[in-house]
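# Secondary and tertiary structure notes
Residues per chain, in single letters:
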Amino acid sequence: MLQILTHENKAMVQSDMIKLKVDVGDLTPSTALAKPEETKITFKKIDRHVMNTKLDLRGKNGEESLFLVEKMLGDAMLSGNKTDYDRPRQRHRQAPPDHS
């Protein structure tokens, strides 16, 4: 059962790909145990030598940037190439030399 439509005295139920509205009076409690849904997980193989370790976020909004950073980190973890991600790297502009 997905939801009860109280104003219509009906319930929205689903079985596989089929959704139906049925009268609430037609429903009876189930004695069967629900089967857990199987989840199939696939992993994409990433070639360690091709992994790009640079990410240009210029011109991206916050949501796009977050998605790209999370994707890059996920790809890096799946690749097993930990040496590039052991410690965070930041590029800092060098201050101009002080000639005082």
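This text follows the structure it describes.
In what follows, the accompanying structure is described.

Below, the discussion takes up the overall build of the chain. Each helix and strand in the chain was counted, giving 1 helix and 3 strands. Relative to its full complement of 100 residues, the chain shows a buried share of 12%. Within the structure as shown, the chain displays about 10,200 Å² of accessible surface, and the carbon and sulfur contribution to it stands at 53%.

This next bit is on the sheet that holds strand β3 (residues 18–23). The strand order across the open sheet built from 3 strands is β1-β2-β3, with neighbouring strands paired in antiparallel fashion. If you trace the sheet from one side to the other, it starts and ends with β1 (3–5) and β3, each paired once. Neighbour-to-neighbour, the strand axes of the sheet open up by a mean angle of 30°, direction not taken into account. Bridge count between strand β2 (residues 10–15) and β3: 6 bridges; the pairing is antiparallel. Looking at the pairing, valine 13 lines up with leucine 20 of β3.

Two faces belong to every sheet, and in a regular strand the side chains alternate between them. Bridging between β1 and β2 involves 3 bridges; their strand directions are antiparallel. Within the sheet, the bridge partner assigned to leucine 5 lies in β2 and is lysine 10. Counting the residues between successive antiparallel strands, the hairpin from β1 to β2 contains 4 residues, one of them, asparagine 9, with a positive phi of roughly 55°. Connecting the antiparallel pair β2 and β3 is a turn made up of 2 residues, with aspartate 16 showing a positive phi of about 55°.

Under the definition given, this model contains 3 salt bridges. Residue lysine 21 is joined to glutamate 8 by a salt bridge in which the shortest nitrogen-to-oxygen separation is 3.4 Å. Here lysine 21 is found in strand β3, whereas its partner glutamate 8 is found in the loop between β1 and β2, with 13 residues between them in sequence. For glutamate 8, a relative accessible area of 34% puts it in the partly exposed group. The closest approach of N and O atoms between aspartate 56 and arginine 58, which form a salt bridge, is 2.8 Å. According to the relative accessible area criterion, aspartate 56 is partly exposed, its value standing at 43%.

The rules behind each value
Residues numbered from 1 in each chain as written. Predicted model: local features only at pLDDT ≥ 70, side-chain atom pairs only at ≥ 80, totals over all residues. Heavy atoms only, no water. Helix = DSSP H or I, 4+ residues; strand = E, 2+ residues; numbered from the N terminus. Buried < 20%, exposed > 50% of the residue type's maximum accessible area, 1.4 Å probe, protein only. Areas by Shrake-Rupley, 256 points an atom, 1.4 Å probe, with all protein chains shown as cover. Pairing = 2+ DSSP bridges. Axes fitted to C-alpha atoms, helices over the stretch in contact; angles between N-to-C directions. Salt bridge = Lys/Arg side-chain N within 4 Å of Asp/Glu carboxyl O.

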